[in-house]
Amino acid sequence: DAGVIQSPRHEVTEMGQEVTLRCKPISGHDYLFWYRQTMMRGLELLIYFNNNVPIDDSGMPEDRFSAKMPNASFSTLKIQPSEPRDSAVYFCASSPTGISTDTQYFGPGTRLTVL
Amino acid sequence: AQSVTQLGSHVSVSEGALVLLRCNYSSSVPPYLFWYVQYPNQGLQLLLKYTSAATLVKGINGFEAEFKKSETSFHLTKPSAHMSDAAEYFCAVIKNTGFQKLVFGTGTRLLVSP
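Before going into details, it helps to say that this report is about the structure given with it. (Residues numbered from 1 in each chain as written. Chains lettered and ligands numbered in written order. Predicted model: local features only at pLDDT ≥ 70, side-chain atom pairs only at ≥ 80, totals over all residues. Heavy atoms only, no water.)

**With respect to the interface of chain B and chain A**
Our working rule: For this analysis, residues touch if any pair of their heavy atoms sits within 4.5 Å. When two components associate, each loses some accessible surface as probed by a 1.4 Å sphere; the sum of these losses over both components is called the buried area. We define a salt bridge as a side-chain nitrogen of Lys or Arg found within 4 Å of a carboxyl oxygen belonging to Asp or Glu. Within 3.5 Å is the distance limit for a polar contact, defined as a pair of N or O atoms, with the added protein rule that one can donate a hydrogen and the other accept it, and that residues adjacent in sequence qualify only through two side-chain atoms. Each helix corresponds to a stretch of at least 4 residues labelled H or I by DSSP, and each strand to a stretch of at least 2 residues labelled E; elements are numbered beginning at the N terminus. Under the scheme applied, nonpolar residues are Ala, Val, Leu, Ile, Met, Phe, Trp, Tyr, Cys and Pro; charged residues are Asp, Glu, Lys and Arg; polar residues are all the others, including Gly.
Contact residues are listed per partner, giving 20 residues for chain B and 23 residues for chain A. Regarding the contact of chain B and chain A, the summed buried area is about 1600 Å², with carbon and sulfur atoms giving 54% of it. Contact with chain A buries surface across chain B, with Leu44(B), Gln100(B) and Lys101(B) losing the most and accounting together for 38% of the total. Across the contact surface, chain B and chain A share zero salt bridges. In this assembly, chain B and chain A are joined by seven residue pairs in polar contact (both at pLDDT 80 or more). Put simply, the parts of the chain that give the side of chain B that touches chain A at least two residues each are β4 (32-38), β5 (44-50) and β9 (87-94) of chain B. Among the elements that take part in the side of chain B that touches chain A, β4(B) stands out by supplying four residues, more than any other. Across the side of chain B that touches chain A, the residue classes break down as ten nonpolar, eight polar and two charged.

**Re the layout of surface pockets**
Put simply, the rule is: Definitions used throughout: a 1 Å grid over protein atoms alone; a cavity as a set of points that fits a 1.4 Å probe which cannot get out; a pocket as an open set with protein on both sides within 12 Å along at least five of seven lines; a lining residue as one with an atom within 4 Å of a point. Grid points are joined across faces, edges and corners, and a volume is the space filled by probe spheres set on the points.
The computed volume of the largest pocket comes to approximately 720 Å³. Those elements giving two or more residues to the lining of the largest pocket turn out to be β4 (31-38), β5 (42-50), β9 (88-95) and β11 (110-114) of chain A together with β9 of chain B. Tallying contributions element by element places β9(A) first for the lining of the largest pocket, with three residues. In terms of residue class, the lining of the largest pocket is built from eleven nonpolar, 14 polar and five charged.

**Some details on the pairing of strand β7 (residues 65-71) of chain A**
Residues and elements named next belong to chain A. Heads up, the condition is: Strand pairing is assigned whenever DSSP detects at least two bridges linking the two strands.
Note that β7 and strand β8 (residues 74-79) share five bridges and pair antiparallel. Note that in β8 the partner of Lys68 across the bridge is Thr76. The antiparallel hairpin formed by β7 and β8 contains two residues in its connecting segment.

**Details of the state of the cysteines**
So the rule is basically this: Note on terminology: pairs of cysteine sulfur atoms within 2.5 Å are recorded as disulfides. Type-normalised accessible area, obtained with a 1.4 Å probe on protein chains alone, sets the label of each residue: buried when under 20%, exposed when over 50%, and partly exposed for intermediate values.
For the coordinates displayed, the defined rule picks out two disulfides over all chains. In this model Cys23(A) forms its disulfide with Cys92(A); the gap between the sulfur atoms is 1.9 Å. Its S-S torsion of about -65° marks the bond between Cys23(A) and Cys92(A) as left-handed, since a negative value means left-handed. A residue pair is termed long-range when its members are at least 10 positions apart, and Cys23(A) in strand β3 (residues 19-24) and Cys92(A) in strand β9 qualify at 69 residues. An identical accessibility class is assigned to Cys23(A) and Cys92(A); each is buried. Here Cys23(B) is linked by a disulfide to Cys91(B), with a sulfur-sulfur distance of 2.0 Å. The chirality of the disulfide connecting Cys23(B) with Cys91(B) is left-handed, given an S-S dihedral of about -65°. Of the two residues, Cys23(B) sits in strand β3 (residues 19-26) while Cys91(B) sits in strand β9, which places them 68 residues apart along the sequence.

In structure tokens:
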């Protein structure tokens, strides 16, 4: 299996632009998670999906952030408009049956820089 | 609310020495506890997890951790460090089964010298 795939690996954009991060989870995994990692705030869960349905989006910073999972093999995290404080590494992860009963597999991350 | 505290942002050991990374938790109910490792420019990888079964949990790469309720601790150990163990290690907690929202500690960077 190729593991969790994220694209792009690096993104540099200017403030005010729309940014879309993409994730392909491991086939057969029912859970998909989006995390953000910064020096100031550490690792934070932004949102997670179960069977393509968003379950908990309480970690999404504000309305500029949105996430979708149109099917079991694809998810996006969109920031519109982007701001410099959104600069971070964004990780996607997936799990077959959830983290308490199974393993969570992380993708390599997308490093976002907003100028 | 559940939380974890990792003592020491950096730990330095010599190759072959004991590795001890400290994690204390705060939880109103018996927690599920995790240790993850992050190598440079990579995502996190699960080392081991405690889910209220055996208090001594063995993980990958020779790591293990012991759940001590009386000390509210879940320290990570490895008898003999390898150069390849140099990475950042994160302790994390969820309330219990069915919950999916991991709360991470601030991380401990392990440095291994020859």
